[in-house]
Amino acid sequence: MQVILLGLPGAGKGTQAAWIVEDFGLPHISTGDMFRAAAKGESQVSGEIRSYIEGGLLVPDELTIRIVRDRIAQDDAKEGFLLDGFPRTRPQAQALDNMLAEVGRPLSRVIYLEVGREELLRRLGGRWVCPGCGATYHAVFQPPRSAGVCNECGTALQQRADDRPDAVRVRLEQNWDNTQSLVAFYEARGVLTRLAGDQPIDRVRRAIRAALRGDGQ
Ligand code: ADP
Ligand code: ADP
Ligand code: ZN
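Residues numbered from 1 in each chain as written. Chains lettered and ligands numbered in written order. Predicted model: local features only at pLDDT ≥ 70, side-chain atom pairs only at ≥ 80, totals over all residues. Heavy atoms only, no water.

Enquirer: I'm lost on the overall build of the protein chain in this one. Help?
Expert: The number of helices and strands found in the protein chain is eight helices and seven strands. For 217 residues, the compact-globule formula gives about 17 Å, and the C-alpha radius of gyration of the protein chain, at 17 Å, lands near that figure. Here the C-alpha coordinates of the protein chain stretch approximately 45 × 45 × 35 Å along the principal axes. With 217 residues in all, the protein chain has 46% of them scored as buried. Long-range contacts, defined here as pairs at least 24 residues apart, represent 72% of the contacts in the protein chain between residues at least 6 apart. Carbon and sulfur atoms make up 50% of the accessible area of the protein chain, which totals about 10800 Å². Counting 28 positive and 28 negative side-chain charges, the protein chain places the averaged centre of each group 3 Å from the other. (Helix = DSSP H or I, 4+ residues; strand = E, 2+ residues; numbered from the N terminus. Rg over C-alpha atoms; globule rule 2.2 N^0.38 Å. Buried < 20%, exposed > 50% of the residue type's maximum accessible area, 1.4 Å probe, protein only. Contact = heavy atoms within 4.5 Å. Areas by Shrake-Rupley, 256 points an atom, 1.4 Å probe, with all protein chains shown as cover. Lys, Arg positive; Asp, Glu negative; His and termini not counted. Charge placed at Lys NZ, Arg CZ, Asp CG, Glu CD.)

Below is the structure:
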């Protein structure tokens, strides 16, 4: 089962990915998480990745494709995976096609979480993440049980540096046309499910579950 979660920053990909990987037993492949981990290193590449992320800019395709190719080749991805935040550009989508063709596995489904700009800004402005376990919260829409502390592991929550307004603006601009282009690309192949992502988390969850189960998975 090879599934892609597609959507602009703040659409709810990470939030939904958390239960999908549990329920369907898939490894969670998040390029954002992988780049944030890589950005912590001391090397020149780490520094470069850090500056792309901090500016809200896309990491170049060549590097992005390389890290996904390596990740998909690992043992735990042999039976399938959930891609969150990849592909984000046409060249990335084409590279993914080639990777899947090499291993003889089709794309099962692309779930597109459609959310309007105003709602995305509200979500990113109130997003809090756990540096310990990666859990995602929202100050208003999904608050932790105890203010500022992760439900899962008790770590103090943080806001992402790239969720500040100027970086968010760049991120939405960079991703807008690319996302529309990917939607058209996957729609043309009949693998796209377009879902209203601007509903409460539970409703989105039910819609995703129906879409994935509907494929006989
Ligand atoms: P968001 O939660 O806003 O959707 P992510 O956590 O997925 O953002 O990504 C954070 C940053 O990591 C991006 O702004 C970009 O710099 C980099 N990144 C993640 N995925 C990709 C990708 N597929 N291509 C290029 N850059 C990426
Ligand atoms: P993405 O991974 O697509 O960037 P996230 O899953 O990190 O998006 O969600 C962005 C923010 O919006 C988080 O603070 C999250 O708690 C919140 N959020 C996610 N889904 C919903 C929803 N359906 N309704 C309201 N807020 C949501
Ligand atoms: Zn945690």
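Enquirer: Even after reading the chapter, I still don't get the site of ligand 2, so can you show me in this structure?
Expert: Near ligand 2 you find 19 residues, and of these Thr15, Arg127, Tyr137, Gln142 and Gln199 are the closest. Note that an oxygen atom of ligand 2 is positioned 2.6 Å from one of the side-chain N or O atoms of threonine 15. Sorting the residues of the shell around ligand 2 by element identifies α1 (13–24) and β6 (136–138) as the ones contributing at least two each. Looking at the shell around ligand 2 residue by residue, the class counts come to seven nonpolar, nine polar and three charged. (Near = heavy atom within 4 Å. Polar contact = N/O pair within 3.5 Å; in protein donor to acceptor, adjacent residues only side chain to side chain. Nonpolar A, V, L, I, M, F, W, Y, C, P; charged D, E, K, R; others polar.)

Enquirer: How do you make sense of the coordination of the zinc ion (ligand 3) when you look at a structure like this?
Expert: The protein atoms that coordinate the zinc ion (ligand 3) are Cys130 (SG), Cys133 (SG), Cys150 (SG) and Cys153 (SG), at distances of 2.3 Å. Geometry at the zinc ion (ligand 3) is tetrahedral, judged from the four donor atoms that bind it and their angles of 97 to 117 degrees at the metal. Sequence spacing of the donors to the zinc ion (ligand 3): C-x2-C-x16-C-x2-C. Assessed through its relative accessible area of 4%, cysteine 130 is described here as buried. For cysteine 133, a relative accessible area of 42% gives the class partly exposed. (Donors = N, O, S within 2.8 Å, 3.2 Å for Na, K, Ca; no water. Tetrahedral: all angles 85-135°; square planar, octahedral: opposite > 155°, others 65-115°.)

Enquirer: Sorry if this is basic, but what is going on with the side chain of glutamine 16 here?
Expert: Secondary-structure assignment places glutamine 16 in helix α1. Since its relative accessible area comes to 3%, glutamine 16 is described here as buried. Excluding anything up to four places from it in sequence, glutamine 16 contacts Leu113, Ile201, Val204, Arg205 and Ile208.

Enquirer: In this structure, what is going on with the sheet that holds strand β7 (residues 192–196)? I would like to understand it.
Expert: Strand pairing in a sheet relies on backbone hydrogen bonds. The paired strands run either parallel or antiparallel. What the five strands build is an open sheet, ordered β2-β3-β1-β4-β7; its pairing is parallel. Unpaired on one side and paired on the other, β2 (28–30) and β7 mark the two borders of the sheet. Along the sheet, successive strands turn relative to each other by an average axial angle of 20 degrees, direction set aside. Pairing analysis gives three bridges linking β2 to strand β3 (residues 81–84), with the strands arranged parallel. (Pairing = 2+ DSSP bridges. Axes fitted to C-alpha atoms, helices over the stretch in contact; angles between N-to-C directions.)

Enquirer: I would appreciate a short explanation of the pattern of salt bridges in the present structure.
Expert: Where charged atoms from two side chains of opposite charge come close, those side chains can pair. The full count for this structure, using the stated rule, is 16 salt bridges. Between arginine 209 and aspartate 23 there is a salt bridge, with the nearest N and O atoms lying 2.7 Å from each other. Here aspartate 23 lies in helix α1 and arginine 209 lies in helix α8 (residues 201–213), a separation of 186 residues in the sequence. The partner of arginine 127 in a salt bridge is aspartate 163, with the nearest N and O atoms 2.8 Å apart. In this pair, arginine 127 is assigned in strand β5 (residues 127–129) and aspartate 163 in the loop between β6 and α7 (165–188), connecting sequence segments 36 residues apart. An identical accessibility class is assigned to arginine 127 and aspartate 163; each is buried. Residues participating in the shared-partner salt-bridge network are Arg127, Arg160, Asp162, Asp163 and Arg171. (Salt bridge = Lys/Arg side-chain N within 4 Å of Asp/Glu carboxyl O.)

Enquirer: When you look at the site of ligand 1 in this model, what are you seeing that I'm missing?
Expert: Taken together, 18 residues surround ligand 1, and among them Thr31, Leu57, Gly85, Arg88 and Arg171 come closest. In this structure, an oxygen atom belonging to ligand 1 sits 2.6 Å away from a main-chain N or O atom of leucine 57. The backbone of glycine 85 places a nitrogen or oxygen atom 2.8 Å from a nitrogen atom of ligand 1. Protein chains bury 96% of the 550 Å² of accessible surface belonging to ligand 1 in isolation. Ranked by residues supplied to the shell around ligand 1, first place goes to helix α2 (residues 31–38) with four residues. Of the residues that constitute the shell around ligand 1, the class distribution is seven nonpolar, five polar and six charged.

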